[in-house]
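Here is what each chain is made of, one letter per residue.
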Amino acid sequence: MGGVIGKCDSPRRQGLPISKLEAKMVEAMRRKAAEGTTVKSFNSIIMKFPKIDENLRNVKTIFEQFDEDSNGSIDPEELKHCFNKLQISFTEEEVSDLFEACDISETQGMKFNEFIVLLCLVYLLKEPAVLPAKLKLGLPQLESTFEKLVNAFVFLDKNKDGYVSKYEMVQAINETTSGERSSGRIAMRRFEEMDWDKNGMVSFKEFLFAFTHWVGIDADEEEDEE
Ligand SMILES: [Ca+2]
Ligand SMILES: [Ca+2]
Ligand SMILES: [Ca+2]
């Protein structure tokens, strides 16, 4: 038991200290990785994009519900109410860490795309066994959508250290498009899009933000334009 885990216990990446929250996420991701992934290829991930996209967009109704003053973002106070209502127990410190980690626009408020990422991180951090049914938020698809995203990340993270490296990204794409010269370049571009803080590693959080961007869920978008 535990043969896979423990090979890479370094809490630091390229000399940068990581936050407590990130350490917890890496740990949770390694646990998930130990369970294995159902994803077989990069293409199979891409094929699931439309369905995932649709399910994530449905989160909008929840977002609006918790945006009590309807100003288009969820502030720390509103987020606390949100967790209370969902009966998700976090310490004050955990809530503010989560908030800070996802507030990439640094507006002191969760935009819609940031809120999606936050919910998915909550999903990852809370053991499925104790995950309150309420996190499904009346959206039965939500949990399986989050699970798909976790699975996609586990697929990419070949050495199961909780991060996707450039090499792993190239590997994943090469498995799909063997022999095509352009595939390496595509992998590089995808990688650069994902590695927001340019530290050479893609964390699950970065992956999620890139994902919402790819499927076209952006911070300031208005209601679904049909
Ligand atoms: Ca608000
Ligand atoms: Ca890795
Ligand atoms: Ca990074």
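Before reading on, note that the structure itself is shown above.
Criteria and cut-off values
Residues numbered from 1 in each chain as written. Chains lettered and ligands numbered in written order. Predicted model: local features only at pLDDT ≥ 70, side-chain atom pairs only at ≥ 80, totals over all residues. Helix = DSSP H or I, 4+ residues; strand = E, 2+ residues; numbered from the N terminus. Buried ≥ 20, exposed ≤ 12 C-beta atoms within 10 Å, placed from the backbone. Contact = placed C-beta atoms within 7 Å. Core = buried A, V, L, I, M, F, W, Y, C linked by C-beta atoms within 7 Å. Expected span 1.5 Å × (residues − 1).

What follows concerns the overall build of the protein chain. Scanning the protein chain from terminus to terminus reveals 11 helices and 4 strands. Going through the 226 residues of the protein chain one by one, you find that 30% of them count as buried. Look at the contacts in the protein chain between residues 6 or more apart in sequence, and 65% of them connect residues 24 or more apart.

With that settled, the discussion passes to the environment of Ser89. Looking at the secondary structure, you find Ser89 in the loop between helix 5 (76–86) and helix 6 (92–102). Assessed through the 12 C-beta atoms surrounding it within 10 Å, Ser89 is described here as exposed. Here the alpha-carbon distance between Ser89 and Lys126, two residues 37 residues apart in the chain, equals 9.4 Å.

So, about helix 11 (residues 204–214). Burial within helix 11 is extensive, with 8 of its 11 residues counted as buried. Taken as a whole, helix 11 has its buried residues at Phe204, Lys205, Glu206, Phe207, Leu208, Phe209, Phe211 and Thr212. Positive backbone phi, at 90°, marks Gly216, one or two positions downstream of helix 11.

A few words now on the nonpolar core. Formed by 50 residues in total, the largest nonpolar core has its most connected members in Leu118, Cys120, Leu149 and Phe153. Among the elements that line this core, the one with the most residues is helix 7 (residues 112–125), at 11 residues. In contact with Leu149, other than residues within four places in its own chain, are Ile52, Cys120, Leu208 and Phe211.

Between its first and last C-alpha, helix 7 extends 20 Å over 14 residues, near the 20 Å set by a 1.5 Å rise per residue. Counting buried positions along helix 7 yields 13 of 14 residues, so the element is predominantly enclosed.

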